[in-house]
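# Structural characterization, general
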Amino acid sequence: MSKLVTIYGGSGFVGRYIARRMAKEGWRVRVAVRRPNEAMHVKPYGVPGQVEPVFCNIRDDSSVAAAMHGADAVVNCVGVLNETGKNSFAAVHAEGAERIARISAAQGIAKMVHLSAIGADARSDSAYARTKAEGEAGVAAHRADAIVLRPSVIFGTEDGFFNRFGSMARQMPILPIAGGNTKFQPVFVDDVAKAAVAGIVGDVAPGLYELGGPEVKSFRALMAQMLDVIHRRRVIISLPTFVAKPMAFGFDMMQALSMQLVENKMLTRDQLRNLQTDNVVAEEAQGFDALGIRPVALASVLPDYLWKFRPSGQYDEMVGSARNLRNDI
């Protein structure tokens with residue numbers, strides 16, 4: 001019988017790519033999510049019955065245990081960028097990660113891969129970064145053999161980074177950003193999936209792996225590159241901290257006063273704190289090279305999914321060519 005992997009958060013942005021690659025490796029894939037009926041898009045990744053969404057509440061021991069019962073490996077890629085309801089950073093990043101590690105060790109599951117983030121730091125002012133570090137510590141306490149992946153900002157078709165700012169650029173004459181000088185090392189989502197799969201099926205040593213693409217760029221430079229791809233001219237305004245802070249506070253208060261009916265998808269105070277630190281691979285860290293993976297560059301992927309933000313969408317280059325032809329006549 002083929003082996004079984006349980007992927008917590010396997011229907012999300014990164015998880016779906018891991019699920020697809022594990023199915024291609026011939027494994028049965030159990031996708032553990034809060035709403036299985038909203039995760040049906042993962043089923044076609046394999047033959048009928050190979051990839052199955054199952055219910056799981058990462059905050060509950062019995063639910064987590066049931067989802068991994070009989071598995072040969074587990075992957076945790078559950079994470080939140082904004083705290084809503086009971087899904088606080090502590091509950092998801094710290095307690096949830098520790099719970100999966102502890103129960104997988106008790107069940108004797110052979111391998112565990114945990115998705116963390118570059119910038120995880122127990123001393124950080126950001127609750128996101130701090131709880132990511134606490135999650136790593138919780139995993140290490142129970143699974144010294146775990147493989148922990150720390151990616152920089154992740155890009156790809158379904159990302160919430162370039163898609164978000166591309167949408168803003170389509171609707172606004174200016175592009176306001178906070179932390180314009182903060183450096184990132186964007187990594188392609190499928191490269192992160194390759195790293196996770198290597199941790200399960202490959203001969204990979206336990207430990208931390210920081211994952212970054214081949215380029216390091218400032219936030220402002222990334223926005224300029226995005227604007228070039230979507231063929232739009234916009235003024236990029238890097239907001240000073242004294243302006244960004246009250247804005248983030250206002251967005252957070254709007255979420256709080258609406259009883260979280262209106263989610264802050266613009267800028268939270270915690271995200272602003274996180275933007276004070278560069279998000280790049282440390283010089284001494286092991287990364288893609290140690291995993292035998294050559295990361296993909298931004299320029300080779302962005303046009304594949306950002307074309308929808310161009311003035312004429314997928315026909316923008318054709319329209320431009322026709323306009324140039326008329327001007328030449």
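Summary of the structure given here. (Residues numbered from 1 in each chain as written. Predicted model: local features only at pLDDT ≥ 70, side-chain atom pairs only at ≥ 80, totals over all residues. Heavy atoms only, no water.)

### Section: the overall build of the protein chain
Test applied: Runs of H or I in DSSP of at least four residues are treated as helices and runs of E of at least two as strands, each being numbered from the N terminus. This radius of gyration counts C-alpha atoms alone. The globule rule is 2.2 Å times how many residues there are, raised to the power 0.38. Residue burial is assigned from relative accessible area. The probe radius is 1.4 Å, only protein chains are included, and a residue is buried under 20% of its type maximum, exposed over 50%, and partly exposed in between. Throughout, a residue-residue contact means that at least one pair of heavy atoms, one from each residue, lies within 4.5 Å. Computed with a 1.4 Å probe, the accessible areas rest on the Shrake-Rupley method; for each residue, only the protein chains presented here act as cover. Only four residue types enter the charge count: Lys and Arg as positive, Asp and Glu as negative, with His and the chain ends excluded. In plain terms, the charge of a residue is placed at NZ if it is Lys, CZ if Arg, CG if Asp and CD if Glu.
Of the regular secondary structure elements, the protein chain holds 12 helices and 13 strands. Against the globule reference of 20 Å for 329 residues, the protein chain gives a C-alpha radius of gyration of 21 Å, in line with a compact fold. Counting across all 329 residues of the protein chain, residues that qualify as buried make up 49%. Of the contacts made within the protein chain by residues no fewer than 6 positions apart, 75% connect residues no fewer than 24 positions apart. Looking at the protein chain as shown, the accessible area adds up to about 15900 Å², and 54% of this sits on carbon and sulfur atoms. Separation of charge centres in the protein chain, based on 38 positive and 33 negative side chains, amounts to 5 Å.

### Re the sheet that holds strand E11 (residues 207-211)
Applied cut-off: Strands pair, by our definition, only if DSSP identifies at least two bridges between them. Inter-axis angles, ranging from 0 to 180 degrees, are taken between N-to-C directions of lines fitted to C-alpha atoms, where helices are fitted over the stretch in contact.
Judged by pairing direction, the sheet is parallel, and its 7 strands sit side by side in the order E3-E2-E1-E4-E5-E6-E11 without closing on themselves. The sheet is open, and its two edges are formed by strand E3 (51-55) and E11, each paired on a single side. Strand-to-strand twist of the sheet, defined as the mean angle between neighbouring strand axes without regard to direction, takes the value 20°. As paired strands, strand E6 (residues 147-151) and E11 are joined by 5 bridges and run parallel to one another. Across the sheet, residue Val 148 finds its bridge partner in E11, namely Leu 208. Each of strand E1 (4-8), strand E4 (73-76) and strand E5 (111-115) touches helix H3 (residues 89-106); the most contacted strand, E5, lies at about 175° to it. In the packing of helix H6 (residues 189-201) onto the sheet, the strands contacted are E1, E4, E5, E6 and E11, and the crossing angle to E5 comes to about 160°.

### A short note on the state of the cysteines
Short version of the rule: Pairs of cysteine sulfur atoms within 2.5 Å are what we label disulfides.
With the rule as written, the count across this model stands at 0 disulfides. Cys 77 provides the cysteine sulfur closest to Cys 56, a residue in no disulfide bond, and the two sulfurs are 12 Å apart.

### Observations regarding unusual backbone geometry
With phi around 60°, His 231 is a residue other than glycine that occupies positive phi space. Along the chain, the position of His 231 falls in the loop between helix H7 (219-229) and strand E13 (235-239). Phi at Met 259 is positive, roughly 60°, even though this residue is not glycine. When you line up the elements, Met 259 lands in the loop between helix H8 (241-257) and helix H9 (269-274).

### Side note on the pattern of salt bridges
Cut-off, in case you're wondering: Any carboxyl oxygen of Asp or Glu within 4 Å of a side-chain nitrogen of Lys or Arg constitutes a salt bridge here.
In the structure shown here, the tally under the stated rule is 14 salt bridges. For Arg 99, the salt bridge goes to Asp 61, with nearest N and O atoms at 2.6 Å. With Arg 99 in helix H3 and Asp 61 in helix H2 (residues 61-68), the pair connects residues that are 38 residues apart, well separated along the chain. Of the residues examined, Arg 99 reaches a relative accessible area of 12% and is grouped as buried. On the basis of relative accessible area, Asp 61 is assigned to the partly exposed category, the value being 33%. Its salt-bridge partner being Glu 215, residue Lys 217 comes within 4.0 Å of it at the nearest N-O pair.

### A few points about the packing of H2 against H3
When two helices pack together, their arrangement is given by the angle between the helix axes and the distance between those axes. So the rule is basically this: In this scheme, roughly parallel covers angles under 35 degrees and roughly antiparallel covers those over 145, while 65 to 115 is roughly perpendicular and the rest are oblique. Note: crossing handedness is left-handed where the near helix turns anticlockwise from the far helix by less than a right angle, and right-handed where it turns clockwise. As a working rule, the residues Ala, Val, Leu, Ile, Met, Phe, Trp, Tyr, Cys and Pro are called nonpolar, Asp, Glu, Lys and Arg charged, and the rest polar, with Gly in that last group.
Axis separation between H2 and H3 bottoms out at 10 Å; the angle between their running directions is 55°. In terms of orientation, H2 and H3 fall into the oblique class. Between H2 and H3 lies a crossing of right-handed hand. Only Arg 99, Ile 100, Arg 102, Ile 103 and Ser 104 of H3 make contact with H2, whose side of the interface consists of Asp 61, Val 64, Ala 65 and Met 68. Of the residues in the contact of H2 with H3, the class split is 5 nonpolar, 1 polar and 3 charged.

### A look at helix H1 (residues 15-24)
Among the 10 residues that make up H1, 7 are buried, leaving the element largely enclosed by the rest of the structure. Those residues of H1 that are buried are in contact with E1, strand E2 (28-33), E3, E4 and H6.

### Quick word on the side chain of Arg 310
Going by this rule: Polar contacts, as used here, are pairs of N or O atoms within 3.5 Å; protein pairs need one atom able to donate a hydrogen and one able to accept it. Residues neighboring in sequence count only if both atoms are side-chain atoms.
Assignment of secondary structure puts Arg 310 in the loop between helix H11 (302-306) and helix H12 (316-328). Within polar-contact distance, the side chain of Arg 310 engages the backbone oxygen of Val 229 at 2.8 Å. Look past the residues within four positions of Arg 310 in its chain and what remains in contact with it is Val 229, Ile 230, His 231, Arg 232, Pro 303, Asp 316 and Glu 317.

### Describing the nonpolar core
Keep this limit in mind: Among the buried residues, those of types Ala, Val, Leu, Ile, Met, Phe, Trp, Tyr and Cys that are joined through side-chain atoms within 4.5 Å form a nonpolar core.
Core analysis: the biggest nonpolar cluster contains 71 residues, and Phe 162, Met 223 and Met 226 have the highest contact counts within it. Per-element tally for this core: the top contributor is H6, with 8 residues. Residues in contact with Met 223, not counting those within four places in the same chain, are Phe 161, Phe 162, Phe 165, Leu 175, Ile 177 and Ile 236. Counting 18 residues, the second-largest nonpolar core is a separate cluster that includes Leu 4, Val 64, Met 68 and Ile 100.

### Some details on the packing of aromatic side chains
Let me state the cut-off plainly: Stacked, edge-to-face and tilted labels apply to pairs of Phe, Tyr and Trp rings (six-membered ring for Trp) whose centres lie within 6.5 Å, assigned for plane angles under 30 degrees, over 60, and everything in between, in that order. Here, a charge over a ring is recorded when the distance from Lys NZ or Arg CZ to the ring centre is within 6 Å and its angle to the ring normal is within 35 degrees.
What the rule picks out here adds up to 9 aromatic pairs. Centre to centre, the rings of Phe 161 and Phe 162 are 4.9 Å apart; their planes meet at 85°, and the pair counts as edge-to-face. A centroid spacing of 5.7 Å and a plane angle of 75° characterise the contact between Phe 161 and Phe 165, whose relative ring orientation is edge-to-face. Its relative accessible area of 13% is what places Phe 161 among the buried residues. Feature note: the residues Phe 161, Phe 162, Phe 165, Phe 184 and Phe 219 constitute an aromatic cluster, connected by ring pairs. Taking NZ or CZ as reference, Arg 20 lies 5.2 Å from the ring centre of Tyr 17, over its face. One Lys or Arg, Arg 20, reaches over the ring of Tyr 45 and ends 4.4 Å from the middle of that ring.

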